[in-house]
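Take a look at the letters that make up each chain.
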Amino acid sequence: MASSPCGNSNFDSGLEIKTRSVEQTLIPLVSQITTLINHKDKPKKSERTLAAIHRVGQAVSVAVGRFVAVGEAIATENQELKDEMGQACFEARRAGDAIAQLTDAGSALPSQPDGRLTIFSDRTGMVKAARLLLSSVTKVLVLADRIVIKQITTSRNKVLVTLDHLERVSTFQEFVQIFSQFGNEMVEFAHLTGDRQNDLKDEKKKARMAAARAVLEKCTMMLLTASKTCLRHPDCESARINKDAVFHRMRCALEQVIEIVTEARSCGENKVLPASIHDGIRDFKCSVECLRENLHALSPQSVGSQLEALVERTEDFTDSAYTSHEQRQAILGLCQLARQDTQQLVHAWVEAQSAHAKEATEDMEVAILKTCQSVNDLRRELHKVAVGRASDLLKVHGEQLPLQALKAAGAEGNLEAVAEYSGKLTEQKEQLVETCRLLCHVSGSEPLEITCIHAEETFHVIGPQIISAAQTLALHPSSKIAKENLEVFCEAWESQLCDMALLLREINDVFEGRRGKHSLTNLKTAKAVKLDAEEQTSMAKLGLELRLLSSDVDTEVEKWEEQEHDIVRQSQSLASMAYNMHLFTRGEGLLKTTLDLFHQAEVLSEEGLQLCSSLHTFSTQLVDEEKTLVVTEMEKLVALCQQLQMGAKSPVQGKTATFQKVDSSIQTTRGILAAVLSLLPLCNKLNRKYKSERSSLGSPQDWRERQDASTPVKEEGALNIKNSNGFGVKSLEQHMTSLNLLESK
């Protein structure tokens, strides 16, 4: 086999792509590379096909050349990236040249008797070149993305400088001039950060960015009126407190945006927020249900500790002064029931271990079901309490009585009335803050948790700002700017109440969707949908990685002398199914809808478990150290196959959840192929070794006969049925589609 023109490279191929724009830029390149790799397995080509391959290869090389030229220009303009960008461009150009060489029609071997030409005699060269090219181009794009980050950081710095000037102005004329500049800079910053927010792939980061940008948007108007009020009444302490709070909040929001963009963490952000009760229940149930597969996965003490940590979090509900006696008793009762069910589970678990049971006993299964049900009931009760309280508060606060009273008292110059209604507003604020904290516990998703935290912080900050604005108006009741300032802060409060109502609706939607997802009706009515263009874009790089691994598995199995060996046959089947999943990410092949993909994932997981069975049989003939190596890798494969199987069977609702399931299925499949790829050369080496030893004890024919006598006869009918479903093997249709695609170019 000829060596790859690319040679060996330690270049990072595991770069994390964090923005959609980088993914979309990679799509044309991924498509062309995939076209070339898809046809490397067929060395004989017609002249027309060969010419098409040559054109695609040259197109890739030319495109890479142009791409590299842009990258090198960026490096020249940004000296801090010069070395890294230069290395990435060099690797990309080298890989592009290698692909051009591998697809050069002039390098084809002489015509065969059937009139066809042979190309791609280097089977691994194209795969290596493709990997290097994809890695280096991704590196260039990620480095170029740093320029965008630099633009946002520079824009933030300009805003901060102007913000400092605004804080120190002493005249209206100076304030108007600088605020005009500040407004223009904020518009630029809003555009840059808005584009970045939409470009982020991580939903949690998008939610944090949205929260920070919402603060900046609302605070801009507050800053205007608070600053004007302070300029009009320079000796008023409450006006100064009001203004200082706005500036402080804007600086915090600006810092949060930069932390998200640069993935930095300030000293104040190092602490980890306490986990929500929803997450605690999910993790506890996962631990309990894992006992079905492995009685020794956890210790009884760890399960008990996990439950107690969960129960401790419910104190946010039970310790609240706003929780009714009936609600408190219901929560405490469900916590006690969960403890009792867990104790029964531990008792059945210990008995099963004492009896050396290999899997969960019937008593354990009953206890597992009861324990999961009790924590589900607890979650349902907590959701009811949190959502019920939020709904009641929104109804009461919808009338805005304290705000109206504060406005009236301030306009009358009545400081005593302002103090009275400030106390009532503070009580409302504390109720809303605590309710947001409870909603965070039951929100059901990280983005909604972040939105709850944002709402909590907003009520916590704006409440005192309304009071200081009301105090200022009470001290200067004839001041139009003081009155306007109070109106702005009251509007911000009302706006946050409206946002909270929307948040409450979303939390309810998530809860109802998750509560009903296991119903038989939903399983039957699950929609078969196709990936749209944006989703295909997101899947493209992952799909190509799957295709490359599939190719590597094919290469390894060809090295086996016994092509009919179960390990070989089952590994080929896995690679074939992974290939189908790769085609799905491109909108091609036999898998047309997400339901097809999930069915394919189930079949693949079953085939993977069959391979594990074959590996277990194979390991019985090995000595201790060799057996340990195989069994260790096999156990990893078992875990991945079970993970894929459970994920494929779990129903989901909604576009986002379906896409996440597709992504998870393909990522787990990638892990399965990687595990198979590590097992194949090891097993091949050991198989050759033991075959050689066996041949010294008897003729190969005698050994095969003995093996045939001890091996159960396979049911050909079952095998044919399995292969006929179109998911287990590479079909003729698939090969014809690929060939037609290439020859049409």
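Procedures and definitions
- Residues numbered from 1 in each chain as written.
- Predicted model: local features only at pLDDT ≥ 70, side-chain atom pairs only at ≥ 80, totals over all residues.
- Heavy atoms only, no water.
- Helix = DSSP H or I, 4+ residues; strand = E, 2+ residues; numbered from the N terminus.
- Buried < 20%, exposed > 50% of the residue type's maximum accessible area, 1.4 Å probe, protein only.
- Contact = heavy atoms within 4.5 Å.
- Phe/Tyr/Trp six-rings, centres within 6.5 Å; stacked < 30°, edge-to-face > 60°.
- Disulfide = S-S within 2.5 Å.
- Expected span 1.5 Å × (residues − 1).
- Salt bridge = Lys/Arg side-chain N within 4 Å of Asp/Glu carboxyl O.
- Core = buried A, V, L, I, M, F, W, Y, C linked by side-chain atoms within 4.5 Å.
- Axes fitted to C-alpha atoms, helices over the stretch in contact; angles between N-to-C directions.
- Parallel < 35°, antiparallel > 145°, perpendicular 65-115°, else oblique.
- Nonpolar A, V, L, I, M, F, W, Y, C, P; charged D, E, K, R; others polar.
- Patch = residues over 30% accessible without salt bridge, like charges linked within 9 Å, V, L, I, M, F, W, Y side chains within 5 Å.
- Areas by Shrake-Rupley, 256 points an atom, 1.4 Å probe, with all protein chains shown as cover.
- Lys, Arg positive; Asp, Glu negative; His and termini not counted.
- Charge placed at Lys NZ, Arg CZ, Asp CG, Glu CD.
- pLDDT = per-residue confidence, 0-100.

**Student:** Report on the overall build of the chain, specifying residues and quantitative values.
**Tutor:** A tally of helices and strands in the chain yields 25 helices and two strands. By residue count, 46% of the 745 residues in the chain fall in the buried class. Restricting the contact set of the chain to residue pairs at least 6 apart, pairs at least 24 apart contribute 81%.

**Student:** Please give an account of the packing of aromatic side chains that cites residues and values.
**Tutor:** Two aromatic rings are characterised by how far apart their centres lie and by the angle between their planes. Scanning the model with the defined rule gives three aromatic pairs in all. Plain terms: the ring middles of F175 and F179 are 5.5 Å apart, the flat faces sit at 25° to each other, and that makes the pair stacked. Note that F175 and F179 are positioned in helix α5 (residues 172-199) at a spacing of four residues, about one turn of the helix. Across the pair, F179 and F175 agree in class, each one buried.

**Student:** Let's hear about the environment of Q181: which residues, and what values?
**Tutor:** Among the structural elements, Q181 can be located in helix α5. With a relative accessible area of 41%, Q181 lands in the partly exposed category. As for Q181 and T162, which are separated by 19 residues in sequence, their C-alpha atoms are 7.7 Å apart.

**Student:** How would you sum up the state of the cysteines? Please name residues and give values.
**Tutor:** Under the counting rule described, the total for this entry stands at zero disulfides. As a non-bridged cysteine, C290 has C286 as the owner of its nearest cysteine sulfur, 4.3 Å distant. Judged by its relative accessible area of 36%, C290 is partly exposed. You can see C436 has no disulfide; the closest cysteine sulfur is in C452, sitting 6.6 Å from it. Using a relative accessible area of 1% as the deciding quantity, one classes C436 as buried.

**Student:** Pulling in residues and values, what's your account of helix α11 (residues 325-354)?
**Tutor:** Over its 30 residues, α11 extends 44 Å from the first C-alpha to the last, a length consistent with the 44 Å expected when each residue adds 1.5 Å. What α11 keeps buried is the set I331, L334, C335, A338, D341, T342, L345, V346, A348, W349 and A352. Against α8 (277-290), α9 (300-313), α10 (315-318) and α12 (362-397) lie the buried residues of α11. Positive phi shows up at H356, right after α11, with a value of about 60°.

**Student:** A description of the pattern of salt bridges should follow, citing residues and the corresponding values.
**Tutor:** Overall, the coordinates contain 30 salt bridges when judged by the stated rule. Taking the shortest distance from any N to any O, the salt bridge between R240 and D244 comes out at 2.6 Å. With a gap of four residues between them, R240 and D244 both fall in helix α7 (residues 237-262), about one helical turn apart. In this structure R240 comes out as partly exposed when scored by relative accessible area, which is 36%. The exposure class assigned to D244 is partly exposed, which follows from its relative accessible area of 29%. Linking E545 and R670 is a salt bridge whose minimum nitrogen-to-oxygen distance equals 2.5 Å. Of the two residues, E545 is situated in helix α18 (residues 533-557) and R670 in helix α22 (residues 655-695); the sequence distance between them amounts to 125 residues. Because the salt bridges share partners, they merge into one network encompassing E84, K139 and R146.

**Student:** So, the nonpolar core: which residues are in play, and what are the values?
**Tutor:** Within the largest apolar cluster, 100 residues are counted, with the highest numbers of intra-cluster contacts made by F317, M364, L439, I466 and W493. Leave out the neighbours within four places in its chain, and I466 touches L403, L406, L425, L486, F489, C490 and W493. One finds V603, L644, I666 and L686 within the second-largest nonpolar core, a separate group that totals 45 residues.

**Student:** Account for the environment of G608, with residues named and values stated.
**Tutor:** Residue placement: G608 occurs in helix α20 (residues 594-619). Put simply, G608 and S573 are 35 residues apart on the chain and 9.1 Å apart in space, counted from C-alpha to C-alpha. Apart from residues no more than four positions distant in its own chain, G608 is found in contact with L574, L637 and C641.

**Student:** Tell me about the side chain of T472, and name the residues and values.
**Tutor:** Within the secondary structure, T472 sits in helix α15 (residues 446-475). Taking relative accessible area as the criterion, T472 reaches 2% and is therefore assigned buried. The residues touching T472, leaving out its near neighbours within four places in the chain, are T229, C236, S238, A239 and A482.

**Student:** Explain the packing of α5 against helix α6 (residues 203-232) to me, and be specific about the residues and the numbers.
**Tutor:** Packing of α5 against α6 leaves a shortest axis separation of 11 Å and a crossing angle of 175°. Relative to α6, α5 is oriented roughly antiparallel. Mapping the contact onto sequence places F172, F175, F179, F182, M186, F189, A190, T193, G194, R196, Q197 and N198 in α5 and K206, M209, A210, R213, L216, T220, L223, L224, S227, K228, L231 and R232 in α6. Here the residues of the contact of α5 with α6 are counted per class, giving 13 nonpolar, six polar and five charged.

**Student:** Just give me the short version of the packing of α9 against α11, but keep the residues and values in it.
**Tutor:** The N-to-C vectors of α9 and α11 enclose an angle of 175°; their axes lie 10 Å apart at closest approach. With respect to their mutual orientation, α9 and α11 come out roughly antiparallel. When α9 is examined against α11, the residues P300, V303, L307, E308 and V311 are found in contact with a partner set consisting of C335, A338, R339, T342, V346, W349 and V350.

**Student:** How would you sum up a negative patch on the surface? Please name residues and give values.
**Tutor:** Together, E312, E315, D316 and D319 make up a negatively charged patch on the protein surface. Note that D316 resides in helix α10.

**Student:** I'd like a description of the side chain of Q428, backed by residues and values.
**Tutor:** Position of Q428 among the secondary structure elements: in helix α14 (residues 415-442). Setting aside residues up to four positions removed in sequence, Q428 forms contacts with H397, P402 and W493.

**Student:** Quick rundown of the confidence of the model for the chain? Include the residues and the values.
**Tutor:** Chain-level statistics for the chain give a pLDDT mean of 79 and a share of 80% at 70 or above. Counting contacts from residues 514-526, a segment whose pLDDT is below 50, to residues more than four positions away or on other chains yields 11 contacts. Segment residues 696-745 is flagged for pLDDT under 50; beyond a separation of four residues in sequence, or across chains, it makes 45 contacts in the model.

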